[in-house]
Amino acid sequence: MKYINKLASVFFMAALALLTMTSCEGGDLYNVGAPDWLAEMGGDEEEESIISVTPNPNVLGATDNTTPWWTVFTDDYKTEAGKAYQIKFMNYGGSSNWNNFVLILRNEAKDFEYAVLRADNWGWGTGYAGEESDAHFSKKIENENRDWGAWAKAMSLSKCTMNLYNNGDGTADVKITMLGADGNTYTQEYTGISVEKDNLYFSFTVDNSHVEFGDVDVEDSEPTALTLNGVPSEVVVGTEFSEFIANVTATVTFAEGVTKDVTAEELQFEVIPDFEELGQKTLVAIYNKTYMGNNCSKPVVASKTFSIVKELSAFTETVVVPTPLMIGLEDNTTPWWSAFTDNIKVAPKETKVVNFTNYTVGDANYKNFVIILNKADNAEYGVVRADCWGWGAGIDGNANFQKIGGFGADDDAWAAWRGAMNGAKCTAYITNNGDGTADIKIVMHGTDGKDYTQDYLGINTIDPDNLYFRFTCEGAHLVFDNAIGATDNTTPWWSVFTPNVQVPAHTECTVNFINYTAGDANFKNFVIILNKADNTEYGVVRADCWGWGAGIDGNANFQKIGGFGADDAAWAAWRNAMNGAKCTAKIVNNGDGTADIKIVMHGTDGKDYTQDYLGINTIDPDNFYFRFTCEGAHLVFE
């Protein structure tokens with residue numbers, strides 16, 4: 001069955017034939033030529049005395065747009081009173097409005113900034129409105145009703161001309177013209193910035209973006225790869241195809257490594273073998289446009305598997321902290337079967353998640369953590385070790401049991417794994433499938449920086465209503481992670497994180513924790529990050545009704561429900577109530593390319609505060625994780 005949106009079928013058949021030959025998921029690359037991009041942007045009529053500056057370095061920021069905020073800068077350039085300066089550059093923007101060029105105006109000593117000016121009508125500094133500015137300051141853009149989502153995409157490849165004026169009267173003006181990748185011209189002005197006329201310097205920085213300075217002549221780019229996003233992992237039989245692809249997008253990679261996201265309306269689809277019958281299917285998508293929207297020489301192809309089912313899976317997941325918080329002797333001389341955590345129950349169709357640190361003497365593979373599956377009375381279903389070994393009634397003689405792991409083909413490889421396990425950060429997933437079987441999956445992040453995985457699948461003889469687990473160890477000791485952040489609530493931004501926890505499609509994961517805060521700013525509380533396994537972010541949300549990211553910015557279906565006061569006094573009351581607040585966060589993978597976060601904060605004032613972030617998109621249901629961080633706060637998990 002074909003589902004054609006905009007492309008000619010001849011392109012699809014060629015691409016489908018190519019996919020059939022390669023028989024693999026992913027995108028295909030083509031070597032092509034490229035037509036001219038656009039005519040050069042016309043400049044403003046400026047006096048001939050304007051001074052042209054090409055900052056050093058010529059390229060600022062990593063070309064894959066991974067440069068963190070405030071880490072790279074151009075040289076500083078002094079301005080003269082009464083002079084005008086012009087800088088031309090190509091801006092390669094990231095996923096959010098602020099992921100673009102930033103201009104810094106400051107004094108020679110660099111001990112303060114007159115203004116830090118972003119591309120998106122935002123800034124701060126001593127000479128900026130709302131700080132110590134005078135009444136002459138103003139800012140404007142070409143259209144107060146600008147479509148910020150379209151603008152952010154256009155800035156991914158935009159030709160910019162910036163004029164900076166040291167007016168000689170204690171003020172400076174900045175005027176920017178940006179010719180976007182969509183062919184539209186955008187303008188940004190900041191005027192009347194208060195400065196010291198004889199002590200005004202400028203430089204540039206970037207934030208998850210990069211800039212190439214000079215009068216860059218850019219050509220259109222052919223697509224080289226395609227990646228599908230937001231494809232549901234399951235769909236109920238009888239669902240309309242338009243509903244199935246409602247949240248599907250694709251990331252197109254072009255020559256020179258530039259990327260942009262496109263909607264389902266810009267793609268052509270085929271379902272193999274069909275979209276009617278139950279079973280596993282393959283969604284094939286093709287795209288045949290250049291970066292500027294012209295027909296390309298050859299299309300790019302991507303595919304993703306999914307299943308048509310009678311009803312959607314419905315699992316829950318809970319992050320838990322075993323007691324006691326440490327088992328085993330700290331010198332790693334713990335004898336076998338001598339130290340245990342308390343039993344934790346796993347209900348049918350539930351997964352319990354445990355984060356812990358494994359310490360080992362390291363002289364034998366088995367001297368690490370051990371997980372026991374048992375009934376309430378400790379009658380065992382199975383016992384599994386860290387090193388691809390297990391036994392028990394649900395394992396021995398079980399033809400459907402799968403053991404996936406093992407960390408080396410020879411003694412040297414196993415020795416490297418043993419060494420990496422002393423201090424390894426581990427996440428264990430214990431799942432009650434509700435059908436008489438259970439799974440255990442473990443991710444071990446070794447001290448060598450590598451991730452080791454060990455799965456035990458299909459353990460049987462399980463009574464779904466009587467499944468518990470506990471930990472033990474031998475020649476090792478375990479510390480169960482239950483807190484992040486400095487206990488005096490001085491935690492810097494983006495400095496501490498919990499391990500990633502995976503949330504499968506159609507699963508809701510619950511996390512219970514206590515939030516402690518310095519209380520002097522709304523943002524000084526917990527933060528939840530949604531990301532892929534490699535930490536590529538879908539979205540970041542705070543406790544105080546604020547969030548950002550690829551799945552939030554420009555998302556017309558995103559809903560943010562919360563906010564804790566109509567005035568400063570109400571917000572202050574909420575901040576105070578958050579120091580010691582008992583919180584429950586539910587992170588939901590809807591399985592359709594979207595995710596939700598629902599938070600209840602039981603404040604120390606006895607009130608319940610709720611904060612929801614709904615419909616976060618661009619989610620890959622099969623690659624969805626979350627983690628916590630905090631700023632000016634610390635968190636204790638329960």
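Preceding this section is the structure that the text describes.
For the structure given in this document, a descriptive report is provided here. (Residues numbered from 1 in each chain as written. Predicted model: local features only at pLDDT ≥ 70, side-chain atom pairs only at ≥ 80, totals over all residues. Heavy atoms only, no water.)

Turning to unusual backbone geometry, a few remarks are in order. The step from N56 to P57 runs through a cis peptide bond, and the omega angle for that step is 5°. With respect to the helices and strands, P57 occurs in the loop between β2 (51-52) and β3 (59-60). Of note in the backbone geometry, N121 takes a positive phi value of approximately 65° without being a glycine. Residue position: N121 is located in the loop between β7 (113-118) and β8 (123-124). Residue class for N121 comes out buried when judged on its relative accessible area of 14%. We note that N332 has phi near 60°; this positive angle belongs to a residue other than glycine. Within the element layout of this structure, N332 appears in the loop between β23 (326-327) and β24 (344-345). (Helix = DSSP H or I, 4+ residues; strand = E, 2+ residues; numbered from the N terminus. Buried < 20%, exposed > 50% of the residue type's maximum accessible area, 1.4 Å probe, protein only.)

Judged from the 5 bridges that link them, strand β22 (residues 315-319) and strand β37 (residues 507-517) form a sheet pairing that is parallel. Bridge assignment links E317 to a residue of β37, and that residue is C509. Across 4 bridges, β22 lies against strand β25 (residues 350-360) in parallel orientation. When the sheet's bridge partners are listed, T316 is paired in β25 with E350. (Pairing = 2+ DSSP bridges.)

Quick look at the pattern of salt bridges now. Inspection of the entire model under this criterion finds 15 salt bridges. In this structure, K304 and D620 form a salt bridge, with 3.4 Å as the shortest nitrogen-oxygen distance. Taken as a pair, K304 in strand β21 (residues 295-309) and D620 in the loop between β44 (608-616) and β45 (625-630) lie far apart in primary sequence, 316 residues in all. We note that K304, like D620, is buried. Where D387 meets R385, a salt bridge forms, and the shortest distance between an N and an O atom there is 2.8 Å. We note that D387, like R385, is buried. (Salt bridge = Lys/Arg side-chain N within 4 Å of Asp/Glu carboxyl O.)

Sheet architecture is open: 3 strands sit in the order β15-β17-β18, paired in antiparallel fashion. Edge positions in the sheet fall to β15 (223-229) and β18 (259-263), since each of these pairs with one other strand and no more. Neighbour to neighbour, the strand axes of the sheet diverge by 25° on average, direction disregarded. Here β15 pairs with strand β17 (residues 249-254) via 6 bridges, running antiparallel. Directly across from L226, in β17, lies its bridge partner V252. (Axes fitted to C-alpha atoms, helices over the stretch in contact; angles between N-to-C directions.)

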